[in-house]
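# Coordinates in review
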Amino acid sequence: WHAIYPILATHQRVRMASETACRAFLVAVLWVLRSGAQWRLLPAELGHWNSVFKRFSRWCRHGVWQALHTGCSHLPDLQNILIDSTVIRAHPCAAGAAESSAEVEAPGRSRGGFGTKLHAITDGLGNPLDFVLTGGQVHDATQGAVLLALTPAGAEAFIGDKGYDSDTLVQAIEARGMAAVIPPRSNRTKSRKVDWFVYKERHLIECFFNKIKQYRRIFARYEKTSRNYMGMLRFVSALIWLR
C-alpha cells in the first residue's frame, strides 16, 4: 500500500475521499479479481457492488490501472525481452458488449472454443511490461512486430518461441540492435543459428502466465469489454512487480 498510494494520490483522475476509503476499494476489487465471483456477490462489508464496479470501470476508462502498473515497474531487467501468448477462455457473459464489436473487444473462436488470446512482453526476470489482446484464433506471428514496438530501448536479446519465426521480424529485431533468439521452424529452407543457452530463459514468461492465472478473473474472461479485462490484468501486474 505504501508503494501504491503515492501513485494514486498524484493521478489527476483519481478522486480520493480518504486514504482508508481508497484502500477499501482496492481490497474489494482484489476480492473479485482473486475469487472470480460476480460483482453482485461482493460481500456487503467490502462495499456496495455497483458502486465498486462503477468506480473500477471509471478507472479503466481513465487509464488509472495502467498508470498503477507503470508506476510499479521500477528498474526492469532489459538484458532479455521475453514474448509469448496464452489463451484465455471466455465465459458466455463476455460476449455482447453494447455499442461495440468483436474487433474492438477481442473475443474470438478457435478450435478450443470461445476465448481471447493474451500476447505479453516481459523483462528478463519475467516481470510484465505490456500486453496486446486479440481474438483466440489470431496467430502469434501476427503480433511479433506489435510486441517489438512495445519493447523499451536498450534491450540486448529478444526471445520468443518458433511461432514468431519470420525473416521480417528477425530483421526488425536486429535493426534495433538486439539478438533474435527465436528457433527456426522445421519447414525453413534456410536455417538460422540460435543461442540455446539464452533461449533457456524463455521459461520465465511461462512462469508469469502461471502467476496471473492464480487470479480467477484473469484465468477466465468475464468482462464484456477488453478495457475492463485489461484493467484487471494491469492490477495483477502491479501486484507482481511489488512482490
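About the criteria used
- Residues numbered from 1 in each chain as written.
- Predicted model: local features only at pLDDT ≥ 70, side-chain atom pairs only at ≥ 80, totals over all residues.
- Heavy atoms only, no water.
- Salt bridge = Lys/Arg side-chain N within 4 Å of Asp/Glu carboxyl O.
- Helix = DSSP H or I, 4+ residues; strand = E, 2+ residues; numbered from the N terminus.
- Axes fitted to C-alpha atoms, helices over the stretch in contact; angles between N-to-C directions.
- Parallel < 35°, antiparallel > 145°, perpendicular 65-115°, else oblique.
- Contact = heavy atoms within 4.5 Å.
- Nonpolar A, V, L, I, M, F, W, Y, C, P; charged D, E, K, R; others polar.
- Buried < 20%, exposed > 50% of the residue type's maximum accessible area, 1.4 Å probe, protein only.
- Arc of directions from axis to C-beta.
- Patch = residues over 30% accessible without salt bridge, like charges linked within 9 Å, V, L, I, M, F, W, Y side chains within 5 Å.
- Areas by Shrake-Rupley, 256 points an atom, 1.4 Å probe, with all protein chains shown as cover.
- Lys, Arg positive; Asp, Glu negative; His and termini not counted.
- Charge placed at Lys NZ, Arg CZ, Asp CG, Glu CD.
- Core = buried A, V, L, I, M, F, W, Y, C linked by side-chain atoms within 4.5 Å.

## Side note on the pattern of salt bridges
Within this structure, the stated rule accounts for nine salt bridges. Here D165 ties to R192 by a salt bridge, and the two come within 3.0 Å at their closest N and O atoms. Of this pair, D165 sits in the loop between β5 (157-159) and α7 (167-175) while R192 sits in the loop between β6 (179-181) and α8 (196-199), and the two are 27 residues apart along the sequence. When salt bridges that share partners are traced, they join D84, D161, R202 and E206 into one network.

## Remarks on the packing of helix α3 (residues 49-61) against helix α11 (residues 226-241)
For the pair α3 and α11, interaxial distance at closest approach is 9 Å and the crossing angle is 95 degrees. On the basis of the axis angle, α3 is roughly perpendicular to α11. Here F53, F56, S57, C60 and R61 of α3 come into contact with α11, specifically with R227, N228, G231 and M232. Its residues assigned to classes, the contact of α3 with α11 shows four nonpolar, three polar and two charged.

## Re α7
Restricting attention to buried positions, one finds in α7 the residues L169, V170 and I173. For α7, the angular spread of buried residues about the axis comes to 100 degrees, placing them on one side. Facing away from the buried side of α7 by more than 90 degrees, the exposed set consists of T168, Q171 and A175. In this fold, the buried residues of α7 make contact with α6 (144-149), β5 and β6. G177 lies just past α7 and shows a positive phi near 80 degrees.

## Focus on a positive patch on the surface
A cluster of basic side chains, namely R13, R15, R58, R61 and R227, defines a positive patch on the protein surface. If you trace the backbone, R13 turns up in the loop between α1 (4-9) and α2 (19-35).

## Re the nonpolar core
Judged by nonpolar contacts, the single largest core of 66 residues is most densely connected at L26, W59, W65, L68, I212 and I218. For this core, the element with the most residues is α11, which contributes nine residues. Look past the residues within four positions of W65 in its chain and what remains in contact with it is F25, L26, V29, F56, W59, C60, G231, R234 and F235.

Honestly, it's all geometry; don't read function into it.
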